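Breakdown of the fold
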Amino acid sequence: MLRISLVGLGMAVKPHAQALADLSDRIEIVHAATRSPERAAAFEAATGIGTTTDVDSALTDPSVAAVVLLTPPDTHLALGRIALEAGKHLLVEKPLDSAHDRAEALVALAAEKKRKLGVVLQHRFRDAALRMAEILERGELGTLTSASVTVPWWRPQSYYDEPGRGTLARDGGGVLITQAIHTIDLFRTLAGPVEVLAATASTTPTHTMETEDYASALLRVRGGAPGHLMATTAFYPGLPERIELSGTLGCASLVGDALSVEWMDGRREDIAAGDAGGGGADPMAFSSEPHRRVIADFVSAVEEDREPGASGASALQTHRLIAQILAKAGDAAH
């Protein structure tokens, strides 16, 4: 049994709580911590799990081996440092941190302390995504000829009216780092390495917010193939995200968590969609199963002394890609 502290009991905790319950034969929740008495009471009432507002003790308890950190992005380095310096392994909700330099520092600190650092990038663990990765690894699409990633999501203004939402200070950015990061991360692992050739980012008239709710980019992916990206939270009422890869032997489309592959020799393979969701007004409308797989993989990584499937170092590559898109967009604006 891996003894953990669950730190942060806000909106993101729901799928984690279900996933942890499903893994109760492998994980013991020693602390469920938040500085908010109201959130502590609500979580305890919903789950029956005892809570505490003593976050520092939850991060440093000698009997705890790992911390699952679900607090806002701007707190990840500060709280993660306390846990890592106390010798804990760390699984952190995306993104690594709200600021790129702090994300880099968190990954470097985990390496220095020789602790496992995982990131909750659960799209990599969906059935269709795992199968698509297998097809590409085996070269079954041949050489890539083009690639695209589209995230046509929707968030109402009320979502951004919540304190801190869509701000640089708390979230570190808008649609790219907060919503589209999951799909961009999966796209990068499937089609990367990715180079950004040109980009634009803006806030549409749909929203009043500090950061971007629309971004697009021209890309170069593995083997020099052309690609493009579009991500927005201003596409009402929200559609499933799409990753489409074309190769010399066939094409694959990943739409939400549904996969369709057609080969030029006439073969076809389909994996039906589950209830991926999350693209509309309710950002938590999705299954907890991919979260369970992320957490189970993290536990196995600790037990087997290997890197998690979605490691901090791997997630950092996605952060760098997002930073490149925004940098190119800034260059274009000037």
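Residues numbered from 1 in each chain as written. Predicted model: local features only at pLDDT ≥ 70, side-chain atom pairs only at ≥ 80, totals over all residues. Heavy atoms only, no water.

Comments concerning the overall build of the protein chain
Quick note on the threshold: Secondary structure counts use DSSP, requiring at least four H or I residues in a row for a helix and at least two E residues in a row for a strand, with both numbered from the N terminus. Computation of the radius of gyration draws on C-alpha atoms alone. For the globule rule, the value is 2.2 Å times the number of residues to the power 0.38. Relative accessibility decides the category of a residue: with a 1.4 Å probe and only protein chains considered, values under 20% of the type maximum give buried, values over 50% give exposed, and everything between is partly exposed. Between two residues, a contact is recorded if the distance between any of their heavy atoms is within 4.5 Å.
When helices and strands are tallied, the protein chain shows 11 helices and 13 strands. Against the compact-globule benchmark of 20 Å for 334 residues, the protein chain has a radius of gyration of 20 Å, which places it among compact chains. Along the three orthogonal principal directions, the C-alpha set of the protein chain runs to about 55 × 45 × 35 Å. Within the protein chain, the proportion of its 334 residues that are buried is 54%. When contacts within the protein chain are restricted to residue pairs at least 6 apart in sequence, long-range pairs at least 24 apart make up 68% of them.

Describing the sheet that holds strand β3 (residues 66–69)
Heads up, the condition is: We call two strands paired when DSSP finds no fewer than two bridges between them. Orientation is described by axes fitted as lines to C-alpha atoms, over the contacting stretch for helices, and by angles from 0 to 180 degrees between their N-to-C directions.
Ordered in space as β2-β1-β3-β4-β5, the 5 strands form an open sheet in which the pairing is parallel. This sheet does not close on itself; its edge strands, each paired only once, are β2 (27–33) and β5 (117–120). Sheet twist, expressed as the mean angle between neighbouring strand axes with direction ignored, is 20°. Strand direction decides the pairing type here: β3 and strand β4 (residues 89–93), joined by 4 bridges, are parallel. When the sheet's bridge partners are listed, Val67 is paired in β4 with Leu90. Against the sheet, helix α10 (residues 289–304) makes contact with β1 (2–7), β2, β3, β4 and β5, and its axis sits at roughly 160° relative to β4, the strand it touches most.

A short note on the pattern of salt bridges
Opposite charge on two side chains makes pairing possible when the charged atoms of those side chains draw close. To keep things clear, this is the line we draw: What counts as a salt bridge is simple: a side-chain nitrogen of Lys or Arg found within 4 Å of a carboxyl oxygen of Asp or Glu.
A full pass over the atoms with the stated rule returns 24 salt bridges. The salt bridge involving Asp56 is made with Arg35; its shortest N-O contact spans 3.8 Å. Placement of the pair is Asp56 in helix α3 (residues 55–60) and Arg35 in the loop between β2 and α2 (37–47), with a sequence separation of 21 residues. Owing to a relative accessible area of 53%, Arg35 belongs among the exposed residues under this scheme. Taking the shortest distance from any N to any O, the salt bridge between Arg188 and Asp185 comes out at 3.7 Å. One end of the pair, Arg188, and the other, Asp185, are both in helix α9 (residues 181–191), 3 residues apart, so they sit about a helical turn from each other. We note that Arg188, like Asp185, is buried. A single network of salt bridges, built from pairs that share partners, joins Arg131, Glu134, Arg138, Glu140 and Glu269.

Here we look at the packing of aromatic side chains
Definition in use: Any two of the Phe, Tyr and Trp rings considered here, Trp counted by its six-membered ring, make a pair once their centres fall within 6.5 Å; the pair's planes then place it as stacked at under 30 degrees, edge-to-face at over 60, or tilted in between. In our convention, an over-ring charge means Lys NZ or Arg CZ found within 6 Å of a ring centre and within 35 degrees of that ring's normal.
Tallied over the entire structure, the rule returns 2 aromatic pairs. Aromatic pair Trp154 and Tyr236: ring centres 5.2 Å apart, planes at 85°, arrangement edge-to-face. Pair noted here: Trp154 is in the loop between β6 (144–152) and α7 (157–161) and Tyr236 is in the loop between β9 (226–232) and β10 (242–247), with a separation of 82 residues, a long-range link. Under the relative-accessibility criterion, Tyr236 is labelled exposed at 62%. Taken together, a centroid distance of 5.0 Å and an interplanar angle of 90° make the contact between Tyr159 and Tyr160 edge-to-face. Sitting above the plane of the Tyr159 ring, Arg155 keeps its charged end 5.3 Å from the centroid. Over the ring of Tyr159 we find Arg165; its NZ or CZ atom is 4.2 Å from the centre of that ring.

Things to note about the environment of Val302
Within the element layout of this structure, Val302 appears in helix α10. Distance from Val302 to Leu117, taken between C-alpha atoms, is 9.6 Å for residues 185 residues apart in sequence. Leave out the neighbours within four places in its chain, and Val302 touches Leu2, His89 and Lys116.

Focus on the pairing of β6
Burial within β6 is extensive, with 7 of its 9 residues counted as buried. The pairing of β6 with β10 spans 6 bridges and is antiparallel. Considered in β10, the bridge of Thr150 is made with Arg242. Pairing between β6 and β9: 6 bridges, direction parallel. Bridging from a neighbouring strand, Pro152 pairs with Thr232 of β9.

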